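# Structural features, examined
Each chain, letter by letter, is given below.
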Amino acid sequence: ARESDPLKLSSPRIFLFRMLGFVALFGVVVFLLHEQIQVAFMANPGLNSLIIFVLVVGIGLAFRQVLRLSPEIAWVNRVRVPDRTSALPRPPVLLAPMAAILSRSGRTAMSTPMMRGILDSIATRLDEARDISRYMTGLLVFLGLLGTFWGLIATVSSVGNVIQGLKATGDAASMFDSLRQGLAAPLGGMGISFSSSLFGLAGSLVLGFLDLQSSQAQNRFYTELEDWLSTTVTDHTTTP
């Protein structure tokens, strides 16, 4: 469509397909390794459940950022090429300032300062949506590190208790049995740290890729909108 009409805004479907494909691939990996993942999950089910919850919310937000572009694109394409036979789509959200200006003026021509103001407003709204996604990615890394230090603290404390509990007796078998029983707690702490790091880093990997795709979709939307608005600029200094 853009080959016949270079100014037509493109649909973000290609980015949605990439995101869906990556999530599907991630789901296949989880299915193949579900037994090992279940063992790692049970090392700290509370924190790992929180990490998975944040991951699901972050995935939903990433898809929402791309899906919300579709009605905006449809509105711009409808305004750009007026069709008297069909009604305008629902009012846009990201492009609300531009819609208000066009509804008052009744024409698409605008001055350069007005165009820059509209683009700056749209860029600010897009950046706000990206900040939430980036925060979710950082939150997953933080939760993974939190589990790591939590497990390390438990490990160090347990090792100290094991050392204090050892007694120099003549029975080597009883000392070894006491040491073996005491090491169960430090190993459990290491399981907490490693499992939380695993879930946190894997979740940040998924959200990082989805955030990259949503950012590319938003950048293309902004660039194509700027290209079209640049053709509507009028030089008011030349008008009588």
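Look up a bit, the structure's there.
Residues numbered from 1 in each chain as written. Predicted model: local features only at pLDDT ≥ 70, side-chain atom pairs only at ≥ 80, totals over all residues. Heavy atoms only, no water.

This part is about helix H1 (residues 13-32). Between the first and last C-alpha of H1 there are 29 Å, a value that for 20 residues agrees with the 28 Å anticipated at 1.5 Å per step. Buried within H1 we find Phe15, Leu16 and Met19. Taken down its axis, H1 places every buried residue within 100° of arc, on the same side. Those residues of H1 that are exposed and aimed more than 90 degrees away from the buried face are Arg13, Phe17, Leu25, Phe31 and Leu32. (Helix = DSSP H or I, 4+ residues; strand = E, 2+ residues; numbered from the N terminus. Expected span 1.5 Å × (residues − 1). Buried < 20%, exposed > 50% of the residue type's maximum accessible area, 1.4 Å probe, protein only. Arc of directions from axis to C-beta.)

With that out of the way, let us pick up the packing of helix H3 (residues 45-67) against helix H4 (residues 69-80). One way to put it is that H3 packs onto H4 with a least axis distance of 5 Å and a crossing angle of 5°. Considering their axes alone, H3 and H4 lie roughly parallel with respect to each other. The residues of H4 that touch H3, namely those facing Gln65, Val66 and Leu67, are Leu69, Ser70 and Pro71. Looking at the contact of H3 with H4 residue by residue, the class counts come to 4 nonpolar, 2 polar and no charged. (Axes fitted to C-alpha atoms, helices over the stretch in contact; angles between N-to-C directions. Parallel < 35°, antiparallel > 145°, perpendicular 65-115°, else oblique. Contact = heavy atoms within 4.5 Å. Nonpolar A, V, L, I, M, F, W, Y, C, P; charged D, E, K, R; others polar.)

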